[in-house]
Amino acid sequence: MTTTTPIAAPAQAPEERRTTGSHAGRSKSELLSLYLAISPFYILFAIFGLFPIGFSLYLSFQNWNGIGAMKFVGLAQYQFMLSDPIFWKSIVNTFQIWFISTIPMLFFALVIAFMLNQQIRGRSAYRIAYFIPNVTSIVAIAIIFGSIFSNNFGLLNAALEGLHLDTVEWLNTPWGIKVAIAAMVIWRWTGYNAIIYLAGLQAIPTELYEAAKVDGASLWQVFFRITVPLLRPIILFTVITSTIGGMQLFTEPQVLVGNGGGPGSEGTTMVLYLYQQAFINNQFGYGAAIGWGLFVIMILFSLINWRLVQGAGNRGSRKGVRA
Amino acid sequence: MAPNRRTFLAAASGLLGTALLGTSGCGTRGSYLTPEGTLSLWYWNRSISDTLLAKTPKATGVKLVPQKIGGDFKSKFLTSLAGKAYIPDIVGLNEDVATYFPDADQFVDLNEIGAKDVKSEFLDWKWERGVTPDGRMVGFPMDTGPTALFYRADLFEKAGLPSEPDEVAQAMSTWEKYLEAGSTLVKKLPKTYMMPNVDMVFNQALAQQGKRYMDEKNHFIGNGPQVRQPWDLAVDAYRRRITSNTNDWTSDWNAAMSTGRVASFVGAVWMGQVLTDAASGTSGKWRVCRAPGGAGNSGGSFLGIPKSCRNPEAAFKVIRYLQSPENQVVYGLNEMQLYPSAISSLEDRRAQVKDKFYGGQVINEVFATSAKAVKPVYLSPYDNVIGPAFSDQVTNIWSAGKNPDRAWKDALAEADRQLSHLGLI
């Protein structure tokens, strides 16, 4: 933990290197220098990773407003959590938003990637264009989507009015809020996933496509018989990364509907609820307990995911498609 | 555990701070970001005039180092308190100053270092909000947020309602009369609404009460008439269909104000700035008058001195200078649109400006009257936890059409649940 040791270490190292040649006979000081060389990661991880994890576990058994003394309350925070309707609602919200965003998102990404993989003019320009949403400031995106989905003056409602349809108070209705958040996720991550798919597509041997062409396969057949099966590992990878991203959904709802999650807490996601309890209500003990509740849920969800991946992998190799 | 954690946190943040900022000459007091012999002040953007801060060291003889803290101000302050490191010597505290009351011992009692002597200069109710029930003064008054009715004179006139400020104040002196006028307006001018949303009725009527959710012994009183009356008014506003369901702080709100979809709202003085920015095209059409139901306050902030301050007397000198009646008018009100808490500033000649946006009206007269008439109210440390139980249910009534009786029961049940979680019942 002190800053002096890493400075002292390099001075010894060259000397040691001259005398020892074999792998077996490393001296203590040489080992020390090796460990010191890899230590920055572990030190930083201990401070910013390990310690907060352990501390949050400790905190989840306490009642603490962030300033005064902590009060040990045993499992009370967890009991409160299990009886907390908004906690459960936030889980349901998160999965709903994940569901209505991930499926269209991955579908669009696949179609875009497939089209980008054709011989078209200006492919790089398209690739960049599709990736740009991902590097745009999320707050700016939220403001734009806020005006699109506005209740009275939104672009979407103006379009509906133009078509003589009923307008929807998007940001006041349960599904309206979720659709608005999901639309933001889709807009932001479709291009990103398309680029990943594109990389996967380019790894598929061109002979397969050529053979299909010779056999007179249609574009549709090529897509479903060659592209999709061979892309399965990549698809699973994107499903898993989108799951992680979806479970961590925070900024989009926060900027769009505020810390409270909007009318009826319909936009409250799991992480937003954690943030609200800990940093808005100053209930750090409860916030920590929610964090561990999420941990358990994510473990369960990962297990399900893992089983799916395993199952899919086995099926794939049985059919012999996974080359 | 506790001391270990603290020293560890301090050491860790100290290490990082040294690495990131390269502060070398920390000397013996390693846990301050500014050099020994100076005082640090944390403030957020637009809470204190930068011109005034630049003048402060010379005027007070204190080497002040102001630090504008961006992002989540409160989280950063709590983090520094929890880590016992880099705590500012003077700190800006928001309207929720009461959340620090259970830990008032973490702050210097301002009364003990001379605040008592200047008490008479400030609005009494504002002063009391910074003082704990047992008399420890945590926060020194900065700006306030007296409320009033902002309305479109031209739309009122079109709807056959009174349009001169005095007449409007007279005709809509109570919330009931205001809501009734709303029904008239909506009937005469379809597609125009009286107010942006139902929540506003609940929040603003509640801001006029002399009690809120807890009494000074932190017993729950939220089922009393002071909450029930604003609640009933909100339900009434919802049933009359005179609100446009436009949420605050959205582009929708800005559009509603600039296009004339909404004819009026009750809001704090600082909403004037939001309104002028959002609806500059409607300049000259707005007026301000006394709010229905009387004076209220919404928003405002305080300055506190954490216990670890290196020189509380000098720190208080700075606070005293920054918030002197003179500086509250010149640098607060006229430069930053921060409404004063010093009584003489309210009446200051320099505050009486004719405003073109309001058709040449001297709006300060309205706000000054409101500011002086605000009832003292005990804001408890737990209001920000219990309040949402009620306001969320008000939202459920208008957004989801929830039965108001059901919603009230649910609000009380939720308040109960939160109170037992906090260990208060």
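Draft legend 1. Representation of the overall build of chain A in the model. A count of helical and extended segments in chain A gives 14 helices and two strands. Buried residues in chain A amount to 40% of all 323 residues. Across chain A, contacts joining residues at least 24 apart in sequence account for 63% of those joining residues at least 6 apart. Of the roughly 17800 Å² of accessible surface on chain A, a fraction of 69% belongs to carbon and sulfur atoms.

Draft legend 2. Here's a closer look at the overall build of chain B. When its secondary structure is counted, chain B shows 17 helices and seven strands. Scaling as 2.2 N^0.38, a compact globule of 425 residues should have a C-alpha radius of gyration of about 22 Å, and chain B matches this with 23 Å. Taken along the three principal axes of its C-alpha coordinates, chain B extends 75 × 50 × 40 Å. When the 425 residues of chain B are sorted by exposure, 58% land in the buried category. Contacts spanning at least 24 positions in sequence make up 75% of the contacts within chain B whose residues lie at least 6 apart. Working note: accessible area of chain B is about 17300 Å², and carbon and sulfur atoms make up 52% of it.

Draft legend 3. Local environment of the packing of aromatic side chains. Tallying each qualifying case throughout the model produces 47 aromatic pairs over all chains. Relative to Phe279(A), the ring of Tyr275(A) lies with its centre 5.4 Å away and its plane at 35°, an arrangement referred to as tilted. In this pair, Tyr275(A) and Phe279(A) both sit in helix 13 (residues 270-280), four residues apart, roughly one turn of the helix. With 6.4 Å between their ring centres and 50° between their planes, Phe150(B) and Tyr358(B) make a pair best called tilted. With Phe150(B) in strand 4 (residues 140-152) and Tyr358(B) in the loop between helix 14 (343-347) and helix 15 (364-373), the pair connects residues that are 208 residues apart, well separated along the chain. This pair shows no difference in class: Phe150(B) is buried, exactly as Tyr358(B) is. One aromatic cluster is present, formed by Phe150(B), Trp253(B), Phe265(B), Trp286(B), Tyr339(B), Phe357(B), Tyr358(B) and Phe367(B) through successive ring pairs. Lys126(B) extends its terminal NZ or CZ atom over the ring of Phe302(B), reaching a point 3.9 Å from the ring centre. Sitting over the face of the ring of Phe153(A), Arg261(B) holds its NZ or CZ atom 4.7 Å from the ring centroid.

Draft legend 4. The arrangement of the pairing of strand 3 (residues 90-93) of chain B in detail. Residue and element names in this part refer to chain B. Of the two faces of strand 3, the one carrying Ile-90 and Gly-92 and the one carrying Val-91 and Leu-93 are both buried. Direction of pairing for strand 1 (residues 39-43) relative to strand 3: parallel, over a ladder of two bridges. For Trp-42, the partnering residue across the bridge sits in strand 3 and is Val-91. As paired elements, strand 3 and strand 7 (residues 297-304) share three bridges and run antiparallel to each other. By the bridge assignment, Leu-93 is partnered in strand 7 with Phe-302.

Draft legend 5. Expanded view of helix 2 (residues 28-59) of chain A. All names here are of chain A. Helix length check: helix 2 (32 residues) gives 39 Å between terminal C-alpha atoms against 46 Å at 1.5 Å per residue, more than 12% under. Along its length, helix 2 shows its largest kink, about 50°, at Ser-39, and proline Pro-40 lies within four residues downstream of that point. Looking at helix 2, one finds that the buried residues are Glu-30, Ser-33, Ser-39, Ile-47, Gly-49, Phe-55 and Leu-59.

Draft legend 6. Layout of the nonpolar core. In this structure, Phe150(B), Phe156(B), Met172(B), Tyr178(B), Met194(B), Phe265(B) and Leu275(B) are the most contacted members of the largest nonpolar core, which totals 56 residues. Of all the elements, helix 7 (residues 175-188) of chain B adds the most residues to this core, at five residues. When residues no more than four places from it in sequence are discounted, the contact partners of Phe265(B) are Ala148(B), Leu149(B), Phe150(B), Tyr178(B), Pro196(B), Met200(B), Trp253(B), Met257(B), Met271(B), Leu275(B) and Trp286(B). Counting 37 residues, the second largest nonpolar core, distinct from the first, contains Ile112(A), Ala183(A), Met184(A) and Ala194(A).

Draft legend 7. View of empty space enclosed by the protein. Residue and element names in this part refer to chain B. According to the stated counting rule, one finds three cavities of 30 Å³ or more in the structure shown. Each pocket or cavity is described by its volume, and for the largest cavity that value is around 130 Å³. If you trace the largest cavity, you find 16 residues lining it, with Ser-47, Gln-323, Gln-328, Gly-332 and Leu-338 closest to the centre. Mapped by element, the contributors of at least two residues to the lining of the largest cavity are strand 4 and helix 13 (325-336). Here the element with the most residues in the lining of the largest cavity is helix 13; it accounts for five residues. Taken together, the residues of the lining of the largest cavity sort by class into nine nonpolar, six polar and one charged.

Draft legend 8. The arrangement of the interface of chain B and chain A in detail. Contacts between the two partners involve 39 residues from chain B and, on the opposite side, 40 residues from chain A. Carbon and sulfur atoms make up 55% of the area that chain B and chain A hide from each other, which totals about 3300 Å². There are one salt bridge connecting chain B and chain A. A salt bridge links Asp84(A) to Arg417(B), with the nearest nitrogen and oxygen atoms 3.0 Å apart.

Draft legend 9. Structural view of the environment of Asp248(B). All names here are of chain B. Position of Asp-248 relative to the elements: it lies in the loop between helix 9 (225-240) and helix 10 (251-259). Relative accessible area serves as the criterion here: at 31%, Asp-248 is assigned to the partly exposed category. Considering only alpha carbons, one finds Asp-248 and Pro-196, 52 residues apart in sequence, at a separation of 7.8 Å. Within polar-contact distance, the side chain of Asp-248 engages the side chain of Asn-197 at 3.2 Å. Within polar-contact distance, the side chain of Asp-248 engages the side chain of Trp-253 at 3.5 Å.

Draft legend 10. Representation of helix 6 (residues 138-148) of chain A. Taken together, the buried positions of helix 6 of chain A are occupied by Ile138(A), Ile141(A), Ala142(A), Phe145(A) and Gly146(A). End-on, the buried residues of helix 6 of chain A take up no more than an arc of 140°, which puts them together on one face. On its buried face, helix 6 of chain A is in contact with helix 5 (123-135), helix 8 (174-202) and helix 12 (251-257) of chain A together with helix 10 of chain B. Capping the start of helix 6 of chain A, Ser137(A) holds a side-chain oxygen 3.3 Å from the backbone nitrogen of Val139(A), two or three residues further along.

Draft legend 11. Seen up close, the pattern of salt bridges. Per the counting criterion, the structure on display carries 20 salt bridges over all chains. Its salt-bridge partner being Arg417(B), residue Glu414(B) comes within 3.1 Å of it at the nearest N-O pair. With Glu414(B) and Arg417(B) both in helix 17 (residues 404-422) and three residues apart, this pair spans about one turn of that helix. Owing to a relative accessible area of 15%, Glu414(B) belongs among the buried residues under this scheme. Bridged by salt links that share partners, the residues Asp84(A), Glu414(B) and Arg417(B) form one connected network.

Draft legend 12. Layout of the confidence of the model for chain B. Averaged over all residues, the pLDDT of chain B equals 91, while 93% of them reach at least 70. In the model output, the complex is listed with pTM 0.85 alongside ipTM 0.82.

Draft legend 13. Spotlight on the side chain of Gln67(B). Summarising the element assignment, Gln67(B) is placed in strand 2 (residues 64-68). Contact partners of Gln67(B), with chain neighbours within four places excluded, come to Leu33(B), Thr34(B), Ser40(B), Leu41(B), Trp42(B) and Tyr43(B).

Draft legend 14. Structural detail: the environment of Val73(A). Residue and element names in this part refer to chain A. Tracing the backbone shows Val-73 in the loop between strand 2 (71-72) and helix 3 (76-82). Residue classification places Val-73 among the partly exposed positions, given a relative accessible area of 23%. In the structure, Val-73 is positioned 128 residues away from Leu-201 in sequence and 55 Å away in space, judged by C-alpha atoms. What Val-73 contacts, discounting residues up to four positions off in sequence, is Phe-61, Gln-62 and Asn-63.

Draft legend 15. Highlighting a nonpolar patch on the surface. All names here are of chain A. Residues Leu-31, Leu-34, Tyr-35, Ile-38, Phe-41, Tyr-42, Phe-45 and Leu-50 make up a contiguous nonpolar surface patch of about 840 Å² in total accessible area. On the secondary structure map, Tyr-35 appears in helix 2. You can call Tyr-35 exposed: its relative accessible area is 56%.

The rules behind each value
- Residues numbered from 1 in each chain as written.
- Chains lettered and ligands numbered in written order.
- Predicted model: local features only at pLDDT ≥ 70, side-chain atom pairs only at ≥ 80, totals over all residues.
- Heavy atoms only, no water.
- Helix = DSSP H or I, 4+ residues; strand = E, 2+ residues; numbered from the N terminus.
- Buried < 20%, exposed > 50% of the residue type's maximum accessible area, 1.4 Å probe, protein only.
- Contact = heavy atoms within 4.5 Å.
- Areas by Shrake-Rupley, 256 points an atom, 1.4 Å probe, with all protein chains shown as cover.
- Rg over C-alpha atoms; globule rule 2.2 N^0.38 Å.
- Phe/Tyr/Trp six-rings, centres within 6.5 Å; stacked < 30°, edge-to-face > 60°.
- Lys NZ or Arg CZ within 6 Å of the ring centre and 35° of its normal.
- Pairing = 2+ DSSP bridges.
- Expected span 1.5 Å × (residues − 1).
- Bend = angle between axes of the 7 residues up to and from the residue.
- Core = buried A, V, L, I, M, F, W, Y, C linked by side-chain atoms within 4.5 Å.
- 1 Å grid on protein atoms, 1.4 Å probe; cavity = no way out; pocket = protein on both sides within 12 Å on 5 of 7 lines; lining within 4 Å.
- Points joined across faces, edges and corners; volume = space filled by probe spheres on them.
- Nonpolar A, V, L, I, M, F, W, Y, C, P; charged D, E, K, R; others polar.
- Buried area = accessible area lost by both parts, 1.4 Å probe.
- Salt bridge = Lys/Arg side-chain N within 4 Å of Asp/Glu carboxyl O.
- Polar contact = N/O pair within 3.5 Å; in protein donor to acceptor, adjacent residues only side chain to side chain.
- Arc of directions from axis to C-beta.
- pLDDT = per-residue confidence, 0-100.
- Patch = residues over 30% accessible without salt bridge, like charges linked within 9 Å, V, L, I, M, F, W, Y side chains within 5 Å.

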